[in-house]
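Reading the structure
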Amino acid sequence: MLRLHYNLEKLSMGLVVGIIVAASIGGAVEIAPLFTIDQTVEIPDDMRPLTPLELAGREVFIREGCYACHSQMVRHLADEIDRYGPYSLASESAWDHPMLWGSKRTGPDLARLGGKYSDAWHVAHLIDPRAVVPTSIMPAYPWLERSLDASDIGAQMGTLARLGVPYDDARLANAAADALAQSSPDSDGAAGVAERYGDNVAIRAFDGDPSRLTEMDALVAYLQSLGTQTRLPYAIMSEEQP
Amino acid sequence: MIRSLTIAERQTGLFIAIILSVIGLTMAAAARQGPMAVHGTMALILGLFLAIALAGALDKPSPRADREQNYYDEPTRFGIVMTLIWAVIAMGVGVWVAALLYWPEATPPWPATSFGRLRPFHTTGVIFGFGGNALIATSFHVLQRTSRARLADSVSPWVVLIGFNLFCVWAVTGYLMGSTQSKEYAEAEWYADLWLVVIWVVYFALYMRTLARRKEPHIYVANWYYLAFILVVAMLHIVNNLALPVSFAGTKSFTIWAGVQDAMVQWWYGHNAVAFFLTAGFLGMLYYFLPVRSGRPIWSYRLSIVSFWGIVFFYIWVGSHHLHYTALPYWVQTLGMTFSVMLLVPSWASAGNAIATLNGAWHKVRDDATLRFMFVAAVFYGLSTFEGSFLAIRPVNSLSHYTDWTVGHVHSGTLGWVAMIVFGAIYTLVPQLSGREDMAWPRAVEWHFWLAVAGTFIYVVAMWNAGITQGLMWRTYDANGALSYSFLQSVQAMAPYYLLRAIGGVLFLSGAILCALNTRATLKGVRFGVGTADRPLVSQPAE
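The rules behind the values
- Residues numbered from 1 in each chain as written.
- Chains lettered and ligands numbered in written order.
- Predicted model: local features only at pLDDT ≥ 70, side-chain atom pairs only at ≥ 80, totals over all residues.
- Heavy atoms only, no water.
- Helix = DSSP H or I, 4+ residues; strand = E, 2+ residues; numbered from the N terminus.
- Rg over C-alpha atoms; globule rule 2.2 N^0.38 Å.
- Buried < 20%, exposed > 50% of the residue type's maximum accessible area, 1.4 Å probe, protein only.
- Areas by Shrake-Rupley, 256 points an atom, 1.4 Å probe, with all protein chains shown as cover.
- Contact = heavy atoms within 4.5 Å.
- Lys, Arg positive; Asp, Glu negative; His and termini not counted.
- Charge placed at Lys NZ, Arg CZ, Asp CG, Glu CD.
- Phe/Tyr/Trp six-rings, centres within 6.5 Å; stacked < 30°, edge-to-face > 60°.
- Lys NZ or Arg CZ within 6 Å of the ring centre and 35° of its normal.
- Salt bridge = Lys/Arg side-chain N within 4 Å of Asp/Glu carboxyl O.
- Domains from an automatic or database assignment.
- Buried area = accessible area lost by both parts, 1.4 Å probe.
- Polar contact = N/O pair within 3.5 Å; in protein donor to acceptor, adjacent residues only side chain to side chain.
- Axes fitted to C-alpha atoms, helices over the stretch in contact; angles between N-to-C directions.
- Parallel < 35°, antiparallel > 145°, perpendicular 65-115°, else oblique.
- Left-handed = near helix turned anticlockwise from the far one by under 90°.
- Nonpolar A, V, L, I, M, F, W, Y, C, P; charged D, E, K, R; others polar.
- Core = buried A, V, L, I, M, F, W, Y, C linked by side-chain atoms within 4.5 Å.
- 1 Å grid on protein atoms, 1.4 Å probe; cavity = no way out; pocket = protein on both sides within 12 Å on 5 of 7 lines; lining within 4 Å.
- Points joined across faces, edges and corners; volume = space filled by probe spheres on them.

1. Some remarks on the overall build of chain B
A count of helical and extended segments in chain B gives 18 helices and two strands. Against the globule reference of 24 Å for 543 residues, chain B gives a C-alpha radius of gyration of 23 Å, in line with a compact fold. The C-alpha extent of chain B, read off along each of the three principal axes, is 85 × 65 × 45 Å. A total of 543 residues make up chain B; the buried ones form 64% of that total. For chain B, the computed accessible surface area is about 19,100 Å², with 71% contributed by carbon and sulfur atoms.

Structural data, given as structure tokens:
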């Protein structure tokens, strides 16, 4: 063996090939089989993709680096289930490009955040966290009250559709209009949002002002959607703990 | 730098600078606004600056005729300077964001300086800016010395270094403007990623061409590690960053991976960035500079073979230990855990080999702060690889994951191992590059050593306490079967540790600033580009 290596050291291409082979095996064994998951893990029947407004909110969430301090992955450990809610399923993030499971909880996990707090709480908390939670160490995000640039949402959804997210032609065609309508419940378009994305979509003036579409509307809509795209995790929990 | 190039090389450089300007102009014109336009303008300005400098030097005298008989050390010097600039900036940002966790009211009301945007600035700036420049700079030095050959050409080292730094600047300024892929340690957007691939191909080609010119029959161990670093980082970077841009005229893209597959690809990348960026390359540095500085040959040649192939083969499997108890299939988690534990063998073989090399040179370790940097680096390498294997065990991970213990573990590796070996290499290299016996301020090296050790120690101990406290508070139940602590109580409990961590960071940063000033003083007054600083090629074989 030593002799073999003694000779290998004289061949730069030999080392290159050796390194590539040795470093490829592990990845191939662990990653390749995961692509058969598409066939073995079913997407729940009631699963819906994010609405245009929620998707825009997700972009704000990513832009501000929220994922650095907030995970979106409840592990199947008793204390996490008690603290946050049902453990996260693979199917819940199946349409997330990229996933936002996170790696650090400087703040709490957000996978089950939807519906836990009111819109007004979120707005006040994002503008000045310590006005609502005096000992919070979260930074303030006062600039979120500026207008949302919704011009790119349709193109973004089109790209996601090419990657397999179920945005059909009707959803793509109405992207910008749906973003506006979701935060103005009294508008004509509001019914269209519910028709295209289902009844468990929140259609509200998230920042309290239906006349203006802001980044705050988008981010709060996204935060309120977390964990609500399917009811399956809750159904599984109630089966496991009758 | 230009004076060391021949007229033909200056023309080649001019051509490349014009191409860079055209790329920049195209990006800026296509995007019109947003981060991509800003980045295009940056490339345009850099390209024009280089083009003007090179065009103006076309009629200047050629370098001296015996240039080919010397090593080419100017790129190394430039790389070292960039290493220290990035160290001061990115560690400074690290201290600042650490302070914000203790004192969040200090956040200025502007989007660009928010914690969430500065945090990837810190990680990218330190890993790629500081670590990457140090790796490239030392790899050029080590490659030439161990091959007894000059770099294969004189233009591509500059393409690699300048191009790589452009990538780093694009990445960190992108985050400040809100452009990020959100994949940890791979946040830069698609066009920056493509640019890095081009630079990396040039780097690899330069490395292989120089190896082909070597006058030693054997390729020295340090080069195996640098090669593994170059090759596997390319593989990881390309696969993890595969993305579909929304428009080729815009910054935004979506990764082609989703959900559980994305999580696995991301942590396959994330942990092997640790393995092949932050370990393999720096082991290459250790395997060269430790024997040189201590005047002792590597203790065991066989052990270095075993540990090299062990590290290359085992590391790739372990990424899934970042995903214990998640929606990732259980068998993948178990594989990741198993290989993480096995990885301890080659890791400790490397650390042990390094420490055993110092046998017979312990008096030098006592007297020479530079060698002590390398010794401490090897010790911390051993400690943090043990800790890594331990944290990868599933039940331990249930406590440590998501807490500051992970942050402490990472910093015991990056401060204690990576930065210490870099400082050891810098203090060995810079006097050589300046043609001096020693650094300009030898006492400052001693000060730097103790600042670095104290800073690392305070940082790591604070984060251990923080992480274990968090992990325990989150899982404690009271007698009635209810959770004992709210999440907020665990946040409040962190305050003293976050303060201590910031203090540790300040100490470490002070040491790095001292190193930068010392290096500046040492390099000052040395005339580069006229060949005086280039060392002649060594003619006799090593053994």
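After presenting the structure, the write-up continues.
2. Describing the overall build of chain A
Of the regular secondary structure elements, chain A holds 13 helices and zero strands. In terms of C-alpha radius of gyration, chain A reaches 22 Å, well past the compact-globule figure of 18 Å for 242 residues. Referenced to the eigenvectors of the C-alpha coordinate spread, the extents of chain A come out at roughly 80 × 45 × 45 Å. Counting over 242 residues, chain A shows a buried share of 57%. Taking the contacts inside chain A whose residues are at least 6 apart along the sequence as the reference set, 71% of them involve residues at least 24 apart. Once the 19 positive and 33 negative side-chain charges of chain A are each reduced to a mean point, those two points are 9 Å apart.

3. Remarks on the environment of Ala273 of chain B
Within the secondary structure, Ala273 of chain B sits in helix α8 (residues 259-294). For Ala273 of chain B and Leu236 of chain B, which are 37 residues apart along the polypeptide, the C-alpha to C-alpha distance reads 7.7 Å.

4. Structural notes on the packing of aromatic side chains
Following the criterion strictly, the structure yields 42 aromatic pairs over all chains and no others. When the ring of Phe140 of chain B is compared with that of Tyr203 of chain B, the centres are 6.0 Å apart and the planes differ by 90 degrees; the resulting orientation is edge-to-face. Separated by 63 residues along the polypeptide, Phe140 of chain B in helix α4 (residues 115-147) and Tyr203 of chain B in helix α6 (residues 190-212) bring together distant segments of the chain. Given a relative accessible area of 1%, Phe140 of chain B falls into the buried group. Assessed through its relative accessible area of 0%, Tyr203 of chain B is described here as buried. With 4.7 Å between their ring centres and 45 degrees between their planes, Tyr381 of chain B and Trp417 of chain B make a pair best called tilted. In this pair, Tyr381 of chain B is assigned in helix α13 (residues 369-391) and Trp417 of chain B in helix α15 (residues 404-434), connecting sequence segments 36 residues apart. The exposure class of Trp417 of chain B is buried, given its relative accessible area of 3%. Linked through ring pairs, Phe128, Phe140, Phe164, Phe167, Trp200, Tyr203, Tyr207, Tyr226, Phe229 and Phe277 of chain B together constitute an aromatic cluster. Between the NZ or CZ atom of Arg231 of chain A and the centre of the ring of Tyr234 of chain A, over which it lies, the distance is 4.2 Å. Across the ring face of Tyr71 of chain B, the terminal group of Arg145 of chain B is positioned such that the distance to the ring centre comes to 4.1 Å.

5. Some words on the pattern of salt bridges
Note that side chains of opposite charge can pair when their charged atoms are close. All names here are of chain A. Enumeration according to the criterion identifies 26 salt bridges over all chains in this entry. Linking Arg112 and Glu92 is a salt bridge whose minimum nitrogen-to-oxygen distance equals 2.8 Å. Taken together, the residues span a long stretch of sequence, with Arg112 in the loop between α5 (78-84) and α6 (119-127) and Glu92 in the loop between α5 and α6 at a distance of 20 residues. In this structure Arg112 comes out as buried when scored by relative accessible area, which is 4%.

6. Topic: the domain arrangement of chain A
Split into domains, chain A comes out as domain 1 (2-40) and domain 2 (52-240). Each of domain 1 of chain A and domain 2 of chain A has a C-alpha centre, and these two points are 40 Å apart.

7. Things to note about the interface of chain A and chain B
Across the boundary between the two partners, chain A contributes 82 residues, which contact 92 residues of chain B. Where chain A abuts chain B, roughly 7,600 Å² becomes buried across the two surfaces, and 69% of that area is made up of carbon and sulfur atoms. Looking only at chain A, the three residues that lose the most surface to chain B are Glu30, Arg75 and Arg83 of chain A, adding up to 10% of its buried area. On inspection of chain A and its partner chain B, the count reaches four salt bridges. One salt bridge connects Arg117 of chain B with Glu64 of chain A, and the closest N-O pair in it is separated by 2.7 Å. Remark: the boundary between chain A and chain B carries 27 residue pairs in polar contact (both at pLDDT 80 or more).

8. Considering unusual backbone geometry
Cis geometry marks the peptide bond from His97 of chain A to Pro98 of chain A; its omega dihedral reads -5 degrees. Mapping Pro98 of chain A onto the fold places it in the loop between α5 and α6. Even without glycine at this site, Tyr185 of chain B takes up a positive phi of about 65 degrees. With respect to the element layout, Tyr185 of chain B can be found in the loop between α5 (156-176) and α6. Its identity is not glycine, yet Tyr325 of chain B carries a phi of approximately 65 degrees, on the positive side. Along the chain, Tyr325 of chain B falls in the loop between α9 (301-315) and α10 (330-342).

9. Here we look at the domain arrangement of chain B
Residue and element names in this part refer to chain B. Per the domain assignment, the segments of chain B are domain 1 (1-60) and domain 2 (73-523). Spacing between the C-alpha centres of domain 1 and domain 2 amounts to 30 Å. The partner domain 2 presents 20 residues to the 19 residues of domain 1 that form the contact. Regarding the contact of domain 1 and domain 2, the summed buried area is about 1,700 Å², with carbon and sulfur atoms giving 77% of it. The three residues of domain 1 that bury the most area against domain 2 are Met1, Met36 and His39, which together make up 33% of that side's buried surface. Linking domain 1 with domain 2 are zero salt bridges.

10. Considering the packing of helix α3 (residues 74-102) of chain B against helix α18 (residues 495-523) of chain B
Residues and elements named next belong to chain B. Closest axis-to-axis distance for the α3/α18 pair is 9 Å, and the angle between their directions is 160 degrees. One element, α3, and the other, α18, form an angle in the roughly antiparallel class. Considering how the two elements wind past one another, α3 and α18 form a crossing that is left-handed.

11. Things to note about the packing of helix α2 (residues 12-31) of chain A against α6 of chain B
Two elements in contact, α2 of chain A and α6 of chain B, have axes separated by 10 Å at closest approach and are oriented at 140 degrees. As far as their axial angle goes, α6 of chain B and α2 of chain A are oblique. Contact with α2 of chain A, carried on its side by Ser12, Met13 and Val16 of chain A, involves Phe204, Met208 and Leu211 of chain B of α6 of chain B and no other residues of that element. Of the residues in the contact of α2 of chain A with α6 of chain B, the class split is five nonpolar, one polar and no charged.

12. Brief notes about the nonpolar core
Phe276, Met285 and Trp417 of chain B are the most contacted members of the largest nonpolar core, which totals 189 residues. Discounting chain neighbours no more than four positions away, the residues touching Phe276 of chain B are Ala228, Phe229, Val232, Val233, Gly281, Ile311, Val312, Tyr315 and Ile316 of chain B. If you look at the next biggest cluster of nonpolar residues, it comprises 45 residues, including Cys66, Tyr67, Ile153 and Leu213 of chain A.

13. Some points on the side chain of His5 of chain A
You can see His5 of chain A is positioned in helix α1 (residues 2-8). Judged by its relative accessible area of 8%, His5 of chain A is buried. Among the polar contacts listed, one links the side chain of His5 of chain A to the side chain of Glu9 of chain A, at a separation of 2.9 Å. Sequence-distant contacts of His5 of chain A, that is, excluding residues within four places in its chain, are made with Trp224, Tyr301, Ile305 and Trp309 of chain B.

14. Things to note about empty space enclosed by the protein
Think of a ball as big as a water molecule: rolled over the atoms, this probe shows where empty space is left. Residue and element names in this part refer to chain A. Inspection of every chain in the model, using the stated rule, returns ten cavities of 30 Å³ or more. Taken together, 20 residues line the second largest cavity, and the ones lying closest to its centre are Gln72, Glu92, Ser93, Asp96 and Gln229. Looking at the lining of the second largest cavity residue by residue, the class counts come to eight nonpolar, eight polar and four charged.

15. With respect to the side chain of Thr519 of chain B
All names here are of chain B. Along the polypeptide, Thr519 turns up in helix α18. Assessed through its relative accessible area of 2%, Thr519 is described here as buried. Excluding its chain neighbours within four sequence positions, the residues that come into contact with Thr519 are Ile80, Leu84, Ile426, Val430 and Met439.

16. Remarks on the environment of Ala205 of chain A
When you line up the elements, Ala205 of chain A lands in the loop between α11 (190-197) and α12 (215-225). When sequence neighbours within four positions are dropped, the list of residues in contact with Ala205 of chain A reads Ser183, Pro185, Pro210 and Asp217 of chain A.

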